[in-house]
Amino acid sequence: MADLSVKIHDLLLKNPVMLASGTCGYAEEINEFYDVSQLGGIFLKGITPRNRDGNLYPRMAETPSGMLNAVGLQNKGIDYFIQNIYPRIKNYETPLIINVNGSTVEEYIEVTEKVNELDNIPAIELNISCPNVKEGGMAFGVSCPGAEAVTRAVRSAYNKTLIVKLSPNVTDVSEIAKAVEGQGADGVSLVNTFVGMAIDAETRKPLLSTVTGGLSGPAIKPIALRMVWQVAQAVKIPVIGMGGIMNAADAIEFLLAGASAVQVGTALFKDPFIPLNIVEGIDNYLLRHQMSSVSELIGGLQL
Amino acid sequence: MADLSVKIHDLLLKNPVMLASGTCGYAEEINEFYDVSQLGGIFLKGITPRNRDGNLYPRMAETPSGMLNAVGLQNKGIDYFIQNIYPRIKNYETPLIINVNGSTVEEYIEVTEKVNELDNIPAIELNISCPNVKEGGMAFGVSCPGAEAVTRAVRSAYNKTLIVKLSPNVTDVSEIAKAVEGQGADGVSLVNTFVGMAIDAETRKPLLSTVTGGLSGPAIKPIALRMVWQVAQAVKIPVIGMGGIMNAADAIEFLLAGASAVQVGTALFKDPFIPLNIVEGIDNYLLRHQMSSVSELIGGLQL
Amino acid sequence: MGKKSVADFIITENIPLNKDNYLIRLKSPESLPPIKPGQFVNIDIKNSSEIFLRRPFSVFETDYKNNSISIIVKVLGRGSKKLTEVKAGEVLSLVYPLGKHFTYPSPGDKVLAVGGGSGLAPMLFLARESGLPAENMDIIIGARSATDHIDASAYNKYGNIYFTTEDGTLGTRGLVTHHPLFGELANYDKIYACGPEGMMKAVAREAKKTGVFCEVSLENLMACGFGVCLCCIEPTVNGNLCVCTEGPVFNINDLKWQI
Amino acid sequence: MGKKSVADFIITENIPLNKDNYLIRLKSPESLPPIKPGQFVNIDIKNSSEIFLRRPFSVFETDYKNNSISIIVKVLGRGSKKLTEVKAGEVLSLVYPLGKHFTYPSPGDKVLAVGGGSGLAPMLFLARESGLPAENMDIIIGARSATDHIDASAYNKYGNIYFTTEDGTLGTRGLVTHHPLFGELANYDKIYACGPEGMMKAVAREAKKTGVFCEVSLENLMACGFGVCLCCIEPTVNGNLCVCTEGPVFNINDLKWQI
Ligand SMILES: Cc1cc2nc3c(=O)[nH]c(=O)nc-3n(C[C@H](O)[C@H](O)[C@H](O)COP(=O)(O)OP(=O)(O)OC[C@H]3O[C@@H](n4cnc5c(N)ncnc54)[C@H](O)[C@@H]3O)c2cc1C
Ligand SMILES: Cc1cc2nc3c(=O)[nH]c(=O)nc-3n(C[C@H](O)[C@H](O)[C@H](O)COP(=O)(O)OP(=O)(O)OC[C@H]3O[C@@H](n4cnc5c(N)ncnc54)[C@H](O)[C@@H]3O)c2cc1C
Ligand SMILES: Cc1cc2nc3c(=O)[nH]c(=O)nc-3n(C[C@H](O)[C@H](O)[C@H](O)COP(=O)(O)O)c2cc1C
Ligand SMILES: Cc1cc2nc3c(=O)[nH]c(=O)nc-3n(C[C@H](O)[C@H](O)[C@H](O)COP(=O)(O)O)c2cc1C
Ligand code: FES
Ligand code: FES
């Protein structure tokens with residue numbers, strides 16, 4: 001077996017395959033299929049300061065090679081998480097990362113400060129790119145000043161690994177990446193979902209209660225891959241790539257484009273074992289190409 | 001048969017189904033399959049002032065429910081078109097619209113002035129959104145000042161119907177739409193392709209000679225539909241929608257979202273008859289829903 | 001929640017039941033875990049460019065000896081259509097077992113089970129598994145017309161089967177709730193329903209009036225089927241709950257239906 | 001350019017020729033237009049979520065009496081793999097006829113046709129259609145190994161067939177251009193080649209040396225196949241030309257190959 005470990009700032013991952021926030025619950029649901037300690041890391045479902053009911057049903061629509069979701073950050077709030085969920089999952093032997101959300105800078109700080117106290121959470125992912133909430137979320141992530149403001153505030157409240165999750169719904173994602181790097185982010189992850197929409201032609205109604213939602217899955221892979229490639233060239237901090245990864249070849253493409261690790265999201269809905277297949281597939285690839293370490297792949301695109 | 005005619009400023013279309021620029025050559029190739037006069041209109045392959053060889057091979061890559069292209073506006077220039085192609089196609093009984101391109105504002109004007117002299121070209125589509133050229137193209141279309149500058153200049157050189165084709169690679173497409181409306185555009189068309197990328201994991205090389213290219217096809221439909229909906233609410237001029245339309249239901253969704261007409265692009269590569277099927281499908285739909293005119297569909301989304 | 005699997009089942013039979021219902025029997029490669037009425041499987045319908053996500057189907061029968069299960073598929077859209085075209089010998093990937101089952105009736109309970117459309121399968125499964133004598137189990141099956149009904153005579157030994165049709169071509173004319181048994185609801189200890197939302201709400205309305213215990217099985221749209229996406233939620237007195245893990249079976253008192 | 005169609009052909013036969021080549025015969029619903037060697041069809045390979053665009057295949061045989069054509073498909077990737085799984089009775093949509101054909105040899109011409117891999121079909125089609133006596137037609141078929149060759153003995157009546165294999169297990173050892181006939185190229189009036197790019201370039205190099213007329217059939221990646229997308233271009237002395245409409249057959253003197 002080749003050396004699959006990678007480092008994202010202070011985070012040492014046993015392999016570069018992680019689960020994307022909002023697509024793997026709080027890890028327990030995946031652990032019902034297999035031991036999640038085999039994974040590189042797990043980005044838990046987005047958490048806000050207090051309970052959020054999320055958006056009304058219906059929240060999802062299937063699209064060509066993808067899906068739209070309009071979950072809207074349904075969660076029971078950080079306190080509930082700390083008291084009820086954290087104790088059950090904190091001993092999984094893989095990094096658990098909290099996806100931090102808020103409607104205001106203060107709310108982001110509120111969550112961050114509480115997470116900072118949790119020994120078994122080695123990193124946070126600052127979500128400034130959720131397209132499914134009315135306030136906060138993507139509003140911060142689509143402008144440099146907005147992205148800078150949240151990152152700066154959260155950085156001052158957090159001393160472990162800080163990853164900022166970027167929105168693809170922008171003209172120049174590398175500008176935003178540079179902006180958050182400038183405010184002390186230890187890494188960036190991208191992409192979050194694209195704002196999309198679906199209509200039922202027969203009923204003439206939107207398929208989502210919120211009219212628009214976030215597009216994910218293989219449909220977005222070509223755009224996500226391009227953005228990861230652009231950002232990897234623009235910043236010095238590690239990049240975590242995602243968007244439509246379904247198999248080892250997809251994951252390797254993101255690594256070649258410059259990602260140090262990847263997240264698997266929507267693919268889990270098709271088959272929760274896909275991340276394990278990817279780990280195995282990367283290992284086989286390295287063997288076949290006579291490479292001893294996955295780090296040889298990172299940024300290895302031949303131009 | 002229901003009344004399928006729609007008006008885009010001065011352009012009266014017999015039906016709202018048109019062919020997208022760059023996907024239907026100069027109409028002759030489609031006319032080898034059927035009489036193109038059955039179509040609502042045809043947006044001819046993008047034209048520049050002088051011959052362009054376009055980008056190196058390979059220029060395309062298949063992606064999940066879509067494709068990337070990196071053609072790079074290969075064409076023989078406006079003069080060649082006027083002398084050699086225009087005489088052969090000018091009597092097709094459907095509006096032929098020229099897709100105008102340039103590397104500088106001056107080049108856009110150069111093409112526009114020549115097209116202005118052509119009696120059988122009732123409109124132009126100003127392409128400020130081509131992602132596959134080094135200069136001009138999308139560079140103008142991703143900022144309001146850029147979009148305004150080209151639109152203003154071309155407007156002053158053109159007195160027939162001026163449609164501006166918008167790029168989806170922006171943070172807020174409705175801002176750009178409003179900007180070109182403010183400079184006298186008679187309509188906007190969207191979306192052009194999304195900048196994407198594909199890599200061959202085995203060879204570790206990009207699949208396109210240009211590394212990045214333009215994503216089209218059903219994969220982008222949810223995002224395109226959302227943008228058309230946003231723009232239709234933001235401007236008063238007619239909107240022409242496109243992006244992944246494969247069948248009548250897709251086309252109807254764009255009309256419901258506020259498009260006055262649609263363009264069919266990549267679908268032609270799968271089956272050049274799709275636009276005719278769509279015309280028939282819209283007619284059937286109107287019958288089934290007891291509507292007498294397609295105009296009842298436009299903007300008819302039920303919220 | 002028990003252990004869940006993803007497994008490639010082999011189709012052993014695909015039997016048309018009527019013009020748009022099919023019984024599909026599938027054999028597991030591994031030994032079948034316990035599966036109870038109301039639980040479901042999530043199926044990857046391959047070989048179609050139009051289908052991206054899996055589709056959920058209630059388990060209809062289990063056969064632990066042969067490690068096989070069956071489902072009844074009603075053709076509704078592209079996925080269910082494609083699924084009914086599978087042939088014996090082909091392979092389908094299933095995520096299973098998913099969801100919570102119906103509360104089993106207690107010995108001596110008198111039960112009314114109401115099924116319609118694609119909701120028939122779990123009702124018949126429940127009748128068979130309930131452990132009650134046939135006379136304690138009344139089953140009403142509703143449909144639009146006689147030709148929409150399937151032959152359920154094999155289930156006569158588990159309960160008394162009654163039919164309703166909207167056009168009166170078989171059994172009582174009207175909706176399931178127009179059946180005379182709905183005039184004597186207070187006789188029952190437990191009512192179960194699965195089918196179109198309108199039908200379940202009508203049943204729930206009657207059950208609520210008489211205060212009889214009533215569980216329904218919801219068919220909310222699902223993306224994952226195992227509790228991670230939060231797309232399938234249903235508002236309840238305990239907040240928005242996932243139908244795929246906290247359901248699909250709910251007690252009507254927990255739902256926020258306007259009935 | 002003549003009239004083009006999109007039509008649903010019915011598969012009548014799918015015959016494995018060796019481990020990764022299949023002969024697929026398809027029947028047109030309409031009367032077959034004239035189709036000549038070098039022309040191709042563009043096939044919609046349905047029922048796969050991984051394949052979006054059509055795939056081009058050269059016509060191998062035409063049968064105007066039965067309105068049927070055949071193609072030889074070599075399994076290369078996901079599309080060709082899926083295509084070789086079709087069964088008689090199934091339907092495939094074809095866009096056809098596409099592209100320009102080879103220049104027919106003149107009566108009395110001495111011809112060398114060189115085919116390899118998926119390029120075999122048009123070479124054998126040409127041999128049959130050339131109208132030349134068999135002694136005027138030499139055909140070299142190249143492959144990696146004996147097991148990669150297909151049985152072409154039915155074509156002995158149209159020409160003299162020679163084999164080369166890289167491992168020497170059938171015919172001459174080495175590449176096609178290592179065949180002794182390449183030592184006497186000046187004897188030929190026309191050379192035709194179709195196959196992997198490296199093979200065609202090697203043939204072109206030899207042809208150029210001796211100045212013999214030589215046409216090759218290119219297999220550039222295509223999106224549309226009928227001249228609208230400009231994705232399949234090949235640089236030529238006349239600029240970037242579409243392989244699908246200005247080709248796939250090109251005279252090597254028009255190409256800008258570095259050979
Ligand atoms: C827990 C559960 C158990 C189920 N058990 C059965 C069963 O035993 N037998 C059976 O035939 N069906 C069952 N269904 C419903 C079945 O999953 C859907 O009919 C199927 O997913 C439709 O897919 P499609 O591709 O054919 O429809 P699509 O083409 O995706 O959609 C066609 C139309 O149906 C609607 N639709 C799609 N999915 C659902 C759904 N889940 N509920 C309601 N409307 C929907 C769509 O919005 C659309 O209007 C069950 C669903 C759930 C959630
Ligand atoms: C005019 C023309 C005539 C052809 N005639 C025949 C024929 O008679 N018999 C036959 O077996 N094949 C023929 N081909 C090639 C055939 O079209 C490809 O093998 C097929 O499209 C590959 O599809 P796939 O989905 O299997 O491969 P993919 O899974 O799409 O790709 C697998 C690999 O093959 C490469 N590839 C894909 N398409 C081509 C191509 N067109 N040329 C070279 N490499 C490619 C890809 O880049 C990739 O590396 C012809 C091609 C053209 C353009
Ligand atoms: C149902 C759903 C819920 C999601 N919830 C979150 C979330 O809470 N926080 C977040 O940062 N991203 C969320 N995402 C985005 C994913 O983490 C990921 O960025 C995106 O789906 C693209 O990757 P994919 O194509 O592999 O799914 C969600 C995505 C889906 C499909
Ligand atoms: C091969 C190809 C070439 C294109 N060339 C042009 C062009 O010359 N000018 C232009 O404005 N758009 C061009 N486009 C964009 C299309 O007109 C259309 O905006 C886009 O493909 C989205 O629609 P679709 O998904 O229906 O194809 C091209 C698209 C493709 C696929
Ligand atoms: S379907 Fe994903 S949580 Fe229920
Ligand atoms: S494949 Fe489209 S022009 Fe040749």
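Residues numbered from 1 in each chain as written. Chains lettered and ligands numbered in written order. Predicted model: local features only at pLDDT ≥ 70, side-chain atom pairs only at ≥ 80, totals over all residues. Heavy atoms only, no water.

Going by the annotation in an unreviewed UniProt entry, the name recorded for chain C is Dihydroorotate dehydrogenase electron transfer subunit, with Mariniphaga sediminis given as the source organism. Under the heading Sequence similarities (unreviewed entry), UniProt records this for chain C: "Belongs to the PyrK family." (UniProt positions renumbered as here; feature names shortened; annotations may be inferred.)

In the nomenclature of an unreviewed UniProt entry, chain A corresponds to Dihydroorotate dehydrogenase from the organism Mariniphaga sediminis. According to UniProt, the comment filed for chain A under the heading Pathway (unreviewed entry) is "Pyrimidine metabolism; UMP biosynthesis via de novo pathway."

Asks: When you look at the relation of the copies chain A and chain B in this model, what are you seeing that I'm missing?
Replies: What relates the two chain copies is a rotation about an axis together with a slide along it. Mapping chain A onto chain B calls for a screw motion: a turn of 180 degrees about the axis and a shift of 0.0 Å along it, with 0.0 Å RMSD after fitting. Taken together, the rotation angle and the small translation identify this as a two-fold axis. When the interface residues of chain A are mapped onto chain B, 100% of them again lie at the interface, so the same face is used by both copies. (Least-squares fit on C-alpha atoms with pLDDT ≥ 70 in both. Contact = heavy atoms within 4.5 Å.)

Asks: Even after reading the chapter, I still don't get the interface of chain D and chain B, so can you show me in this structure?
Replies: Interface size is commonly expressed as the accessible area that is lost once the parts come together. In this assembly, 29 residues from chain D lie in contact with 34 residues from chain B. For the pair chain D and chain B, the summed buried area comes to about 2700 Å², and 60% of that belongs to carbon and sulfur atoms. Of all residues in chain D, Phe-52, Phe-226 and Val-228 of chain D bury the most surface against chain B, accounting for 27% of the area lost on that side. Across the contact surface, chain D and chain B share four salt bridges. Note that Glu-62 of chain B is salt-bridged to Arg-78 of chain D, the shortest N-O span being 3.1 Å. Viewed at the interface, chain B and chain D are joined by 13 residue pairs in polar contact (both at pLDDT 80 or more). Each residue belonging to the side of chain D that touches chain B can be placed in one class, and the counts come to 17 nonpolar, five polar and seven charged. (Buried area = accessible area lost by both parts, 1.4 Å probe. Salt bridge = Lys/Arg side-chain N within 4 Å of Asp/Glu carboxyl O. Polar contact = N/O pair within 3.5 Å; in protein donor to acceptor, adjacent residues only side chain to side chain. Nonpolar A, V, L, I, M, F, W, Y, C, P; charged D, E, K, R; others polar.)

Asks: I would appreciate a short explanation of the UniProt feature "domain: FAD-binding FR-type" (unreviewed entry) in chain C in the present structure.
Replies: UniProt records the feature "domain: FAD-binding FR-type" (unreviewed entry) at residues 4-105 of chain C, using the numbering of this structure. Across residues 4-105 of chain C one finds 6% helix and 47% strand; the C-alpha atoms that close the span lie 26 Å apart. (Helix = DSSP H or I, 4+ residues; strand = E, 2+ residues; numbered from the N terminus.)

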